[in-house]
Amino acid sequence: MRRGLLGRRVVLVDGVRTPFGRARDDGLYAGTRADDLAVACVRELLHRNPNLPPERVGEVAIAATTQQGDQGLTLGRTVAMLAGLPQEVPGYAVDRMCAGALTATTQVAAQIAVGAVDVAIAGGVEHMGRHPLGGGADPNPRFVAEGLVDSDALVMGATAENLHDGDARLTRERADRYGVASQERYAAALAAGRIDRDLVAVGVRDQGAWTLATADEPPRPGTTLEGVRDLPTPFRPGGRVTAATSSPLTDGATACLLAAQDVAAELGLAARARLVSFAYAGVDPAVMGLGPVPATRRALELAGLGIDDIGAIEVNEAFAVQVLAFLDAFGLDDADPRVNPDGGAIAVGHPLAASGVRLAIQLARRFEDDPSIRYGLTTMCVGLGQGATVVWENPHHPAYDGERTSGEHLASAGATPTTPEVQL
């Protein structure tokens, strides 16, 4: 039984991101405020969608993992005001670490689905050069003292090493091959013009002069398997996780525009993807990279779909081993063409709370480029042992029915619309 998101249909209208920069003192955004990165994304969304009256935006949700300094002060509200939205438009901040923007997206989608708002903006920002992961945090000592979590749970790279420990199939050589492939796929996508079409140029100061940031800084073109074989393993002596198989520390922001399907049609806004279902799941924090597995199983169950129904998968590459564990769990090949064909976070970077919307943007582009794909999913692991997955439908697919609501879909399938657990 295909259940999907009950209530009004929710569609992704548009999405943008800044170019991603390296989080270091001489990085792309060393002299740029975090909130200004998010503002640039929201302004670009409004610019690209002139049919949208700004006052129709009913909510702005912006995520950040380290909510302090220029990443604090209720980001959704402050970004909305700085972007020029009417003062009547409310906003709030979100924190689910790496799945912040994905959580912001599903939160506002739920608001739209139940009729609380018609249109909303969701996104995320992370300036890791200015606000390192865990900066200012004070983890309760009971977590370790009482054995609630292993000490490795607070070090993401250590949790990746634990995944290698737990499965003999997850070798360093295999992870190295995947890391190199991510760089190669990104380079090919960039050359083909599939990366820059959703980037918003950002004004930045470089050695006292203003310039425009227009390209991602983290990718390492020309990376080879031979060149990464002897890289050090910073998280464990003699380990298997290296810089070539990890996402780099990254600065950047994302934002997307969501609307009720009928409202999008009324305003003349295009639907690029329909949100079908979503799920979050918890796992042992010491192996947080396994989080996408139960989250995906639950999201597929709620959608009434199986992994074979999914024609496009965008999985966040926090670490190569985490992606490989996901592939193994669903019986997918390392080079499955459905998975990250344009590369992922190992190449482009992972500005923590912003990455979920990047996944959705890339998936939406794949929907447009290939109408034969009907369903896709975005998934990611989350620090402290969680996973997050969203299932999307392609509005360009020949079988897509833009008129039918989820409830009507259920009725036509002979099912009674009900409200299942953790489902709207």
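These numbers come from a predicted model, not from an experiment.

Using the residue numbers shown here, the UniProt feature "domain: Thiolase N-terminal" (unreviewed entry) corresponds to residues 10-261. Here residues 10-261 is 31% helix and 20% strand, with 6 Å between the C-alpha atoms at its ends.

Another aspect to go through is the packing of aromatic side chains. On inspection of all chains with the given rule, the structure shows 3 aromatic pairs. A ring pair is formed by Phe-235 and Phe-319, whose centres lie 6.4 Å apart and whose planes are at 85°; its orientation type is edge-to-face. One end of the pair, Phe-235, is in the loop between α7 (225-228) and β8 (250-260); the other, Phe-319, is in the loop between β10 (310-315) and α10 (320-329), and 84 residues separate them in sequence. For Phe-319, a relative accessible area of 9% corresponds to the buried category. Between Phe-278 and Tyr-280 the ring centres are 6.1 Å apart and the planes differ by 65°, which places this aromatic pair in the edge-to-face class. Residue classification places Tyr-280 among the partly exposed residues on the basis of a relative accessible area of 23%. Arg-96 extends its terminal NZ or CZ atom over the ring of Tyr-280, reaching a point 3.8 Å from the ring centre. Lying over the aromatic face of Phe-330, Arg-297 brings its terminal NZ or CZ to 5.6 Å of the ring centre.

Note on placement: Thr-106 falls in helix α3 (residues 100-113). The class for Thr-106 is buried, based on a relative accessible area of 3%. In contact with Thr-106, not counting residues within four places along its chain, are Leu-275, Phe-278, Tyr-280 and Val-390.

Tracing the chain through its elements places Pro-371 in the loop between α12 (355-369) and β11 (375-382). In the structure, Pro-371 is positioned 55 residues away from Asn-316 in sequence and 23 Å away in space, judged by C-alpha atoms. Filtering out sequence-adjacent residues up to four positions away, Pro-371 remains in contact with Asn-394, His-396, His-397 and Pro-398.

A few words now on the packing of helix α9 (residues 292-303) against α10. For the pair α9 and α10, interaxial distance at closest approach is 9 Å and the crossing angle is 45°. Classified by the angle between their axes, α9 and α10 sit oblique to one another. When you trace α9 past α10, the crossing you get is right-handed. Seen from α9, the contacting residues are Pro-292, Val-293, Thr-296 and Arg-297; seen from α10, they are Gln-322, Phe-326 and Ala-329. Among the residues forming the contact of α9 with α10, the class breakdown is 4 nonpolar, 2 polar and 1 charged.

Next up on the list: α10. With respect to burial, α10 is a largely interior element, 9 of its 10 residues being buried. On the buried face of α10, the contacting elements are α5 (156-166), α6 (172-191), α9, β10, α11 (345-348) and β11. After α10 finishes, the residue Gly-331 shows a positive phi value of roughly 65°.

Turning our attention to the UniProt feature "domain: Thiolase C-terminal" (unreviewed entry) in the protein. When the UniProt feature table is mapped onto this chain numbering, "domain: Thiolase C-terminal" (unreviewed entry) sits at residues 271-393. Along residues 271-393 the backbone is 33% helical and 26% strand, and the end-to-end C-alpha distance reaches 10 Å.

Ranked by internal contacts, the top residues of the largest apolar core, which has 82 residues, are Leu-85, Ile-121, Val-125 and Trp-392. When residues in this core are grouped by element, the largest group, 9 residues, is from helix α1 (residues 34-48). When near neighbours in sequence (up to four residues on either side) are disregarded, Ile-121 contacts Val-42, Leu-45, Val-57, Glu-59, Val-60, Ala-61, Leu-85, Val-108, Ala-255, Cys-256 and Leu-257. Ranked by size, the runner-up nonpolar core spans 37 residues in total, among them Leu-170, Val-276, Ala-325 and Cys-381.

Relative to the helices and strands, Ala-399 is located in the loop between β12 (386-393) and α13 (406-412). We classify Ala-399 as partly exposed; its relative accessible area is 38%.

On to the pattern of salt bridges, then. Across all of its chains, the model carries 31 salt bridges by this definition. Linking Glu-314 and Arg-366 is a salt bridge whose minimum nitrogen-to-oxygen distance equals 2.9 Å. Placement of the pair is Glu-314 in strand β10 and Arg-366 in helix α12, with a sequence separation of 52 residues. There is no split in this pair, since Glu-314 and Arg-366 are both buried. Connected via shared salt-bridge partners are Asp-14, Glu-44, Arg-48, Asp-198, Arg-272, Arg-365 and Glu-368.

Remark: α1 packs on helix α2 (residues 75-82), axes separated minimally by 9 Å, with the N-to-C direction vectors making an angle of 60°. The pairing of α1 with α2 is recorded here as oblique in orientation. The two elements α1 and α2 meet at a crossing, and its hand is right-handed. Taken together, the residues of α2 that come into contact with α1 (itself represented by Asp-35, Ala-38, Val-39, Val-42 and Arg-43) are Leu-75, Val-79 and Leu-82. Along the lines of polarity and charge, the residues of the contact of α1 with α2 split into 6 nonpolar, no polar and 2 charged.

A low pLDDT score tells you not to read the predicted coordinates there in detail. Here the protein shows a mean pLDDT of 93. Residues at 70 or above account for 93%. Predicted confidence for residues 405-424 stays below pLDDT 50, and this span has 41 contacts to residues more than four positions away or in other chains.

According to the stated counting rule, one finds 0 disulfides in the structure shown. Left unpaired, Cys-41 is separated from the closest cysteine sulfur, that of Cys-256, by 10 Å. Take Cys-41: its relative accessible area is 0%, and that puts it in the buried class. In this model Cys-381 remains outside any disulfide bridge; the closest cysteine sulfur is found in Cys-98, 6.0 Å from its own. By relative accessible area, Cys-381 is classed as buried at 1%.

Definitions and limits used
- Residues numbered from 1 in each chain as written.
- Predicted model: local features only at pLDDT ≥ 70, side-chain atom pairs only at ≥ 80, totals over all residues.
- Heavy atoms only, no water.
- UniProt positions renumbered as here; feature names shortened; annotations may be inferred.
- Helix = DSSP H or I, 4+ residues; strand = E, 2+ residues; numbered from the N terminus.
- Phe/Tyr/Trp six-rings, centres within 6.5 Å; stacked < 30°, edge-to-face > 60°.
- Buried < 20%, exposed > 50% of the residue type's maximum accessible area, 1.4 Å probe, protein only.
- Lys NZ or Arg CZ within 6 Å of the ring centre and 35° of its normal.
- Contact = heavy atoms within 4.5 Å.
- Axes fitted to C-alpha atoms, helices over the stretch in contact; angles between N-to-C directions.
- Parallel < 35°, antiparallel > 145°, perpendicular 65-115°, else oblique.
- Left-handed = near helix turned anticlockwise from the far one by under 90°.
- Nonpolar A, V, L, I, M, F, W, Y, C, P; charged D, E, K, R; others polar.
- Core = buried A, V, L, I, M, F, W, Y, C linked by side-chain atoms within 4.5 Å.
- Salt bridge = Lys/Arg side-chain N within 4 Å of Asp/Glu carboxyl O.
- pLDDT = per-residue confidence, 0-100.
- Disulfide = S-S within 2.5 Å.

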